[in-house]
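A structural walkthrough
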2 protein chains.
Amino acid sequence: MYKANITITLRQSILDPEGKAIEQALGSMIEGALSNVRVGKHIELFVNADSREKAHELVENACKKMLANPVMEDYTFTLEEAETVSA
Amino acid sequence: MYKANITITLRQSILDPEGKAIEQALGSMIEGALSNVRVGKHIELFVNADSREKAHELVENACKKMLANPVMEDYTFTLEEAETVSA
């Protein structure tokens, strides 16, 4: 059993209106110190696989086919071994 | 200048319908190998601060006061030194 931490971000060239909105709101709260806010998704899931290679393949597949939009988004993920689902 | 990578997740005790929906959709695509999907937010931003301590304080403040809902969500973040905003 592995736990995958997936991060999905909009590509740098794509405008991120949500990030811009957060940046403006932060700007009025904390004067000018925070900039270039970009918002993405974080997905955690458990993978039932015998080996790290198999788990990697399953998560890669899930990202490519469903979780991320390959035209507009990039994804990265890390795998860690996990004992039980509740961990 | 520092770059902050912030991860905001729903607390374990809070139901995550978005994660459940993704889990079902993944289940019909990749037979049963992926479970316990939880969805959160990933926020990247640049911090203009003289020291790591100051940057930490600014990001902590932003998370607490605006980015995360302290009742339902947990947040973690990492800071890395960055040369320019475009990095």
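Heads up: these notes are all about the structure in this document. Treat the numbers as computed from the prediction; the structure is a model and nothing was measured. (Residues numbered from 1 in each chain as written. Chains lettered and ligands numbered in written order. Predicted model: local features only at pLDDT ≥ 70, side-chain atom pairs only at ≥ 80, totals over all residues. Heavy atoms only, no water.)

With that out of the way, let us pick up the sheet that holds strand β1 (residues 2–10) of chain A. With antiparallel pairing, 6 strands are arranged side by side in an open sheet as β3(A)-β1(A)-β2(A)-β2(B)-β1(B)-β3(B). Edge strands, defined here as strands with exactly one partner in the open sheet, are β3 (73–81) of chain A together with β3 (73–81) of chain B. Neighbour to neighbour, the strand axes of the sheet diverge by 20° on average, direction disregarded. The pairing of β1 of chain A with strand β2 (residues 34–47) of chain A spans 7 bridges and is classified as antiparallel. Each residue of the ladder has a partner; that of Lys3 of chain A, found in β2 of chain A, is Phe46 of chain A. Sheet strands touched by helix α1 (residues 17–29) of chain B: β2 of chain A together with β2 (34–47) of chain B. Its angle to β2 of chain B, the strand with the most contacts, is close to 125°. Sheet strands in contact with helix α2 (residues 52–67) of chain B are β2 of chain A together with β1 (2–10), β2 and β3 of chain B, and its direction is about 155° off that of β3 of chain B. (Pairing = 2+ DSSP bridges. Helix = DSSP H or I, 4+ residues; strand = E, 2+ residues; numbered from the N terminus. Axes fitted to C-alpha atoms, helices over the stretch in contact; angles between N-to-C directions. Contact = heavy atoms within 4.5 Å.)

Turning our attention to the interface of chain B and chain A. A common way to express how large an interface is: the accessible area buried when the components associate. On the chain A side, the residues contacting the 30 residues of chain B number 30 residues. Linking chain B to chain A there are 0 salt bridges. On inspection of chain B and its partner chain A, the count reaches 8 residue pairs in polar contact (both at pLDDT 80 or more). Of all the elements in the fold, those that place two or more residues in the side of chain B that touches chain A are β1, α1, β2 and α2 of chain B. The greatest single-element share of the side of chain B that touches chain A, amounting to 14 residues, is contributed by β2 of chain B. Of the residues that constitute the side of chain B that touches chain A, the class distribution is 18 nonpolar, 8 polar and 4 charged. Sheet topology note: the β2 of chain A/β2 of chain B ladder contains 11 bridges and is antiparallel. Considered in β2 of chain B, the bridge of Ile43 of chain A is made with Val39 of chain B. (Salt bridge = Lys/Arg side-chain N within 4 Å of Asp/Glu carboxyl O. Polar contact = N/O pair within 3.5 Å; in protein donor to acceptor, adjacent residues only side chain to side chain. Nonpolar A, V, L, I, M, F, W, Y, C, P; charged D, E, K, R; others polar.)

All quantities given are derived from atomic positions and should not be read as evidence of function.
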